[in-house]
Amino acid sequence: SDLINDSLNSKISILKNTYPKTILNDRFIPNSFKSFLTITYEDSERLVFNFKEYLKRNSISSENNSFSLLNIINEITLVNDQEDFIILDLSNLDSLSDYFEFTNTDNNNIKRVNTNSDFQSFLKFLNFNETVNFSAVVDNSIILTNSISQIRKILNSISIDDILDFNSNYQNLKKSKFSKQNFLWVVNTIDNFENFDSNEYPFISFSGLLSNEIAILDFDF
């Protein structure tokens, strides 16, 4: 997927020493997904420091950026589906209005959203190039999409339990991994590979824990 083409090499080093968390956003991903990349972190200050160091090494100015929005986010998930979308797990939902501008739509559960430049820069760093225009809050998370039809599709999938939270194959995959991870990339093999037994191998995954001393990487079917 173009979404994560080079997000799994040097870019993933921004997660060093940020301390992993239990992945939560996957519970809102529809079974129709093609792939997703999720990153988690406990230490947002370290993440911002690492990110600014990365920008500096690549001669990208960040003097006018505080990236303080990252302080209220625990997990960022980029999903490649019919349309690409984002899920953010938040430590403080109320503070989100300090960074994003929301306006009402005809549907009470869905709001139009304008995101700030810091967030857009971070998404660009993660190779997410879609514009996000619409949002919906579910539990302590916010879902961001390009179109209102995509957000309706996700909310409908959640309402009928057609999501990874109720997918036994995915839950078995998750049980085989560390309970806390810095990142997890999963590819849905259905429709993604020709001449491939997707019943036998429904998912391909790559995950990792990163610290200064060691990186533990796990790749499996």
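The shown structure was predicted, so the numbers you read here are calculated from the model rather than taken from an experiment.

Q: Requested: an account of helix H3 (residues 148-159), with residues and values cited.
A: In this model, H3 (twelve residues) spans 16 Å end to end at C-alpha, consistent with the 16 Å of a helix rising 1.5 Å per residue. Among the residues of H3, Gln 150, Ile 151, Ile 154, Ser 157 and Ile 158 are the ones counted as buried. One face of H3 carries all of its buried residues, which in axial projection span an arc of 120 degrees. Buried residues along H3 sit in contact with strand S3 (85-90), strand S6 (134-138) and strand S7 (141-145). Residue Asp 161 follows H3 closely and has a positive phi angle near 65 degrees.

Q: Provide a residue-level description of the packing of aromatic side chains, including the pertinent values.
A: Ring pairs (aromatic) are described by centroid distance and by the angle formed between their planes. Evaluation of the coordinates by the stated rule reveals 13 aromatic pairs. Taken together, a centroid distance of 5.9 Å and an interplanar angle of 85 degrees make the contact between Tyr 170 and Phe 203 edge-to-face. Remark: Phe 203 occurs in strand S9 (residues 203-210) and Tyr 170 occurs in helix H4 (residues 168-175); sequence separation between them is 33 residues. Residue Tyr 170 is classed as buried on the basis of its relative accessible area, which comes to 1%. A relative accessible area of 5% means that Phe 203 is categorised as buried. Connected via pairs of aromatic rings, a cluster forms that spans Phe 51, Tyr 54, Phe 67, Phe 122 and Phe 125. For Lys 11, the ring lying beneath its charged end belongs to Phe 125, and the centroid distance is 5.1 Å.

Q: Before we move on, could you go through unusual backbone geometry and cite the residues and values that matter?
A: Even without being a glycine, Asn 17 presents a positive backbone phi close to 60 degrees. Mapped onto the elements, Asn 17 comes out in the segment before strand S1 (35-40). Positive phi values are uncommon outside glycine, yet Asp 161 reaches one of about 65 degrees. Of note, Asp 161 is situated in the loop between H3 and H4.

Rules used throughout
- Residues numbered from 1 in each chain as written.
- Predicted model: local features only at pLDDT ≥ 70, side-chain atom pairs only at ≥ 80, totals over all residues.
- Heavy atoms only, no water.
- Helix = DSSP H or I, 4+ residues; strand = E, 2+ residues; numbered from the N terminus.
- Expected span 1.5 Å × (residues − 1).
- Buried < 20%, exposed > 50% of the residue type's maximum accessible area, 1.4 Å probe, protein only.
- Arc of directions from axis to C-beta.
- Contact = heavy atoms within 4.5 Å.
- Phe/Tyr/Trp six-rings, centres within 6.5 Å; stacked < 30°, edge-to-face > 60°.
- Lys NZ or Arg CZ within 6 Å of the ring centre and 35° of its normal.

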